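Residue strings, one per chain:
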Amino acid sequence: MLHESVFRTLDLPAADRFEAWVERMGHTHAPMRLDSAHTADYHGYQRVIALGDVTVWPATFDQLTFHRTAKLVRRSDPESYHLSLLLRGEGVARWGRRQAVYRVNEFHTNSSSRAYDISTGPDPVSMVGLEIPRAQVPLPGDRADQVMGRRITARRGTGALLAQFLHQIAADTSAYRPADGPRLATVAADLVAAVFAHALDAESALPPETRGRTLTLRAQAFVRRRLGDPDLTPAAVAEAHHISRSHLYRLFQAEGLTVASYIRDQRLAHARRDLLDPAQRATPVHVVAARWGFPRAAEFSRAFRTAYGVPPGELRNRTHEGTGADTDGPHGGSGTSRASAGGDTTPTGPGRSANDTPRPSDASC
């Protein structure tokens, strides 16, 4: 599991909560002055997930105004970029005379090297923050700085890939080992650079390896969206991305994968999830198989048994009978491959999606 810490203001006396939250925010991003209408009893919840020097921090908190002054910048500058994926609520950021309003499913971008003021709306905010050292973003600093303050959508394109990555990390860190942290940090840096380059229409400024890894993530996302299509093949993936099959093969080989095995393993993982779901126990196995791109039941059964060591029907029966027969992933492994660094881990379990994030009720704030 990745190193993770959790902070809840409700664990403290009401009189101490706001000051503790101010200190927590200062350590998470950079020293700031904070104001709120709820200082007498502040409710905040934050998880900090460490990926080496990169941190991901899902949080839910009451109305807040952040002040990062020029004096604070001079006093302490960690020289990092910050991105916030807004999941609930709204916010307004100001840099002198410039202003940007952010809505749900948009990224706020900022730099610890700039003075700013950020105010959230009157209702609690839920977000996933990302802190990344400027030196780790493979894009010239003068170009990346031009992105600060722009509104970037998380609904499509490279913004959607970055959002999916953050959702996946925030949903469940147990699928990863501490040694995965540096690789995940590299993926985060590549995605941030791709998001910045797209906002500037400067993709050509990205290093070739960053462009290659980002294209791999796009291809993997394309596969996951179309797992139920029995005609999904490496050729179809290559054609959709306007590259040759040999180019696609090289991209996946760089991640220790083959295209066909990635498609198969993703299909099997989704089918396994459905077979273990008590709510779908009455659904015939062959229907589950067809749903995830296996139109021939015999072929599905062979592939499933090879991956998990047991036929699909037997796995379902043993699980629902409470015998505990279950395996972690294809071929008996942990389910974590190099591809999982890009948000490509298998589903987080029945009834839970990668988009699950803390809300005021379940975060106990």
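Residues numbered from 1 in each chain as written. Predicted model: local features only at pLDDT ≥ 70, side-chain atom pairs only at ≥ 80, totals over all residues. Heavy atoms only, no water.

### Side note on the overall build of the chain
If you tally the helices and strands in the chain, you get 12 helices and 12 strands. Residues classed as buried in the chain amount to 52% of the 365 residues present. Partitioning the intrachain contacts of the chain with sequence separation of at least 6 by distance along the chain shows that 73% fall at a separation of at least 24. Total accessible area on the chain stands at roughly 16,300 Å², and carbon and sulfur atoms take up 49% of it. (Helix = DSSP H or I, 4+ residues; strand = E, 2+ residues; numbered from the N terminus. Buried < 20%, exposed > 50% of the residue type's maximum accessible area, 1.4 Å probe, protein only. Contact = heavy atoms within 4.5 Å. Areas by Shrake-Rupley, 256 points an atom, 1.4 Å probe, with all protein chains shown as cover.)

### Things to note about the environment of proline 140
Inspection of the secondary structure puts proline 140 in the loop between strand S11 (125-133) and helix H3 (141-144). Among the residues examined, proline 140 registers a relative accessible area of 37% and is labelled partly exposed. As a C-alpha pair, proline 140 and alanine 205 span 65 residues in sequence and 7.9 Å in three-dimensional space.

### Side note on the environment of leucine 51
Mapped onto the secondary structure, leucine 51 falls in strand S3 (residues 44-51). Residues leucine 51 and threonine 186, 135 residues apart in the sequence, show an inter-C-alpha distance of 9.2 Å. In this structure leucine 51 touches Leu2, Val56, Phe165, Gly181, Leu184 and Ala185, once residues within four positions along its chain are discounted.

### As for the sheet that holds strand S8 (residues 98-102)
If you walk across this open sheet you meet the 5 strands as S2-S5-S10-S7-S8, and the pairing is antiparallel. The two strands at the open ends of the sheet, each matched to only one other strand, are strand S2 (33-35) and S8. Strand-to-strand, the axes of this sheet are offset by a mean angle of 15 degrees, without reference to chain direction. Inspection of the sheet shows strand S5 (residues 65-68) paired to strand S10 (residues 116-120) by 4 bridges, in the antiparallel sense. What sits directly across from phenylalanine 66, in S10, is isoleucine 118. (Pairing = 2+ DSSP bridges. Axes fitted to C-alpha atoms, helices over the stretch in contact; angles between N-to-C directions.)

### Concerning the pairing of S8
As paired elements, strand S7 (residues 91-95) and S8 share 5 bridges and run antiparallel to each other. Directly across from glycine 91, in S8, lies its bridge partner tyrosine 102. Here S7 folds back onto S8, and the loop between the two strands holds 2 residues, one of which, glycine 96, carries a positive phi near 65 degrees.

### Some points on the nonpolar core
If you look at the biggest cluster of nonpolar residues, it comprises 44 residues, and the most contacted ones within it are Leu51, Phe107, Leu162, Phe165, Leu166 and Phe196. Of all elements in the fold, only S3, strand S4 (54-61), strand S6 (80-88), S11, helix H4 (157-171), helix H5 (181-200) and helix H6 (208-225) reach the threshold of two or more residues within this core. With 13 residues, the single largest contributor to this core is H5. Those residues in contact with leucine 166 that lie beyond four places of it in its chain are Val56, Leu85, Phe107, Val128 and Leu130. Core analysis: the second largest hydrophobic core is formed by 32 residues, Phe222, Ala271, Trp292 and Val310 among them. (Core = buried A, V, L, I, M, F, W, Y, C linked by side-chain atoms within 4.5 Å.)

### Some remarks on the packing of H5 against H6
In contact at an axis separation of 9 Å, H5 and H6 are set at 95 degrees when each is read in the N-to-C sense. In terms of their interaxial angle, H5 and H6 are classed as roughly perpendicular. Across the interface between the two elements, Thr186, Val187, Asp190, Leu191, Ala193 and Ala194 from H5 touch Thr210, Arg213, Thr214 and Leu217 from H6. Considering only residue class, the contact of H5 with H6 consists of 5 nonpolar, 3 polar and 2 charged. (Parallel < 35°, antiparallel > 145°, perpendicular 65-115°, else oblique. Nonpolar A, V, L, I, M, F, W, Y, C, P; charged D, E, K, R; others polar.)

### What to know about the confidence of the model for the chain
Mean pLDDT over the chain stands at 86; residues scoring 70 or higher make up 88%. Ignoring residues within four places in sequence, the model shows residues 331-365, a span with pLDDT below 50, making 94 contacts including any to other chains. (pLDDT = per-residue confidence, 0-100.)

### Thoughts on the pairing of S4
The element S4 is extensively covered by neighbouring structure, given that 8 of its 8 residues are classed as buried. Side-chain alternation along S4 places Val54, Val56, Pro58 and Thr60 on one buried face and Thr55, Trp57, Ala59 and Phe61 on a second face that is also buried. Remark: 2 residues form the turn of the hairpin made by S3 and S4, two consecutive strands paired antiparallel; glycine 52 in that turn has positive phi of roughly 70 degrees. Pairing geometry for S4 and S11, over 7 bridges, is antiparallel. Following the sheet pairing, valine 56 is matched in S11 by leucine 130.

### Quick look at unusual backbone geometry
If you check the backbone angles, glutamate 79 has positive phi at about 55 degrees while not being a glycine. Relative to the helices and strands, glutamate 79 resides in the loop between helix H2 (70-75) and S6.

### Quick notes on the sheet that holds S6
Read from one edge of the open sheet, 7 strands run S1-S3-S4-S11-S6-S9-S12, paired in antiparallel fashion. Edge positions in the open sheet fall to strand S1 (4-8) and strand S12 (152-153), since each of these has one partner strand only. Each of S1, S3, S4 and S11 is contacted by helix H1 (residues 14-28), which is oriented at about 25 degrees to S3, the strand it contacts most.

### Quick look at the environment of alanine 236
Following the sequence through the fold, alanine 236 ends up in helix H7 (residues 234-240). Residue alanine 236 is classed as partly exposed on the basis of its relative accessible area of 27%. C-alpha of alanine 236 to C-alpha of valine 223: the two residues are 13 residues apart in sequence and 9.6 Å apart in space. If we ignore the near neighbours within four places in the chain, the residues touching alanine 236 are Phe222 and Asp231.

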